[in-house]
Amino acid sequence: MMILLASLIGTVAHTHEFPQNSAQIILRDGQVEVRLLVDIDAWQSTLSDPTAWLTGETDLLLTQEDLSSDALTDKLAQYLAGAIELTLEQEALVFKSESYQAYATGHKDEAEQGLVEFRLSARHAFADPKGLSVQFPASLASVLVSVVQPQYGLTKAGETKIFSLQ
């Protein structure tokens, strides 16, 4: 029974391709954080392709010097800080250039490509936001997005804390 279930899951997983890039948008009081997991090799390939730049697929063109630079990840993070368009309650949020970090995950996707996580944050003034829109640079291709609004509460020793889910 377990073997049958495992084979069915494997078959279903391969019939629906998910984007290689994913983003988690976390809405907190006064702050939005974007955690963007990127197939860095595929993205760098697009960003270093002059044809992609000429056709408008990307507005950033990386040179061989950029690709061999130790500061490449910082350059890409700064680019994302300016290129991601996130609107909360119809107000465009601005990511600060110093509000990013990049982490090599050590994980690889199915094609054995390296994955890098970029974390960007911006401030907002909305107590209970109801609407959000986001646009990523076209050079990233498709991005699977999830939006999270964490709930916080203290559970005291031996007590039960109830959280309402909407």
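A brief structural summary.

Scoring rules and cut-offs
- Residues numbered from 1 in each chain as written.
- Predicted model: local features only at pLDDT ≥ 70, side-chain atom pairs only at ≥ 80, totals over all residues.
- Heavy atoms only, no water.
- Helix = DSSP H or I, 4+ residues; strand = E, 2+ residues; numbered from the N terminus.
- Expected span 1.5 Å × (residues − 1).
- Buried < 20%, exposed > 50% of the residue type's maximum accessible area, 1.4 Å probe, protein only.
- Contact = heavy atoms within 4.5 Å.
- Core = buried A, V, L, I, M, F, W, Y, C linked by side-chain atoms within 4.5 Å.

### A word on helix α5 (residues 72-83)
And step 1. If you check α5, its first and last C-alpha atoms are 16 Å apart, about what 12 residues at 1.5 Å a residue would give, namely 16 Å.
And step 2. Residues of α5 that are buried include every one of L72, L76, A77, Y79, L80, A81 and A83, and no others.

### Focus on the environment of I25
And step 1. Tracing the backbone through its elements, the reader meets I25 in strand β1 (residues 21-28).
And step 2. Sequence-wise, I25 and L120 are 95 residues apart; in three dimensions their C-alpha atoms are separated by 9.7 Å.
And step 3. The contact partners of I25, leaving out residues within four places of it in the chain, are V32, E33, V34, L86, L132, V134, V145, S146, V147 and V148.

### A word on the nonpolar core
And step 1. In terms of nonpolar packing, the biggest core is built from 31 residues, with L36, W43, L76 and F118 touching the most fellow members.
And step 2. Of the residues forming this core, the biggest block, 7 residues, is contributed by α5.
And step 3. Not counting residues up to four positions away in its chain, the partners in contact with L36 are S22, A23, L80, I84, V116, E117, F118, F136, L140 and V143.

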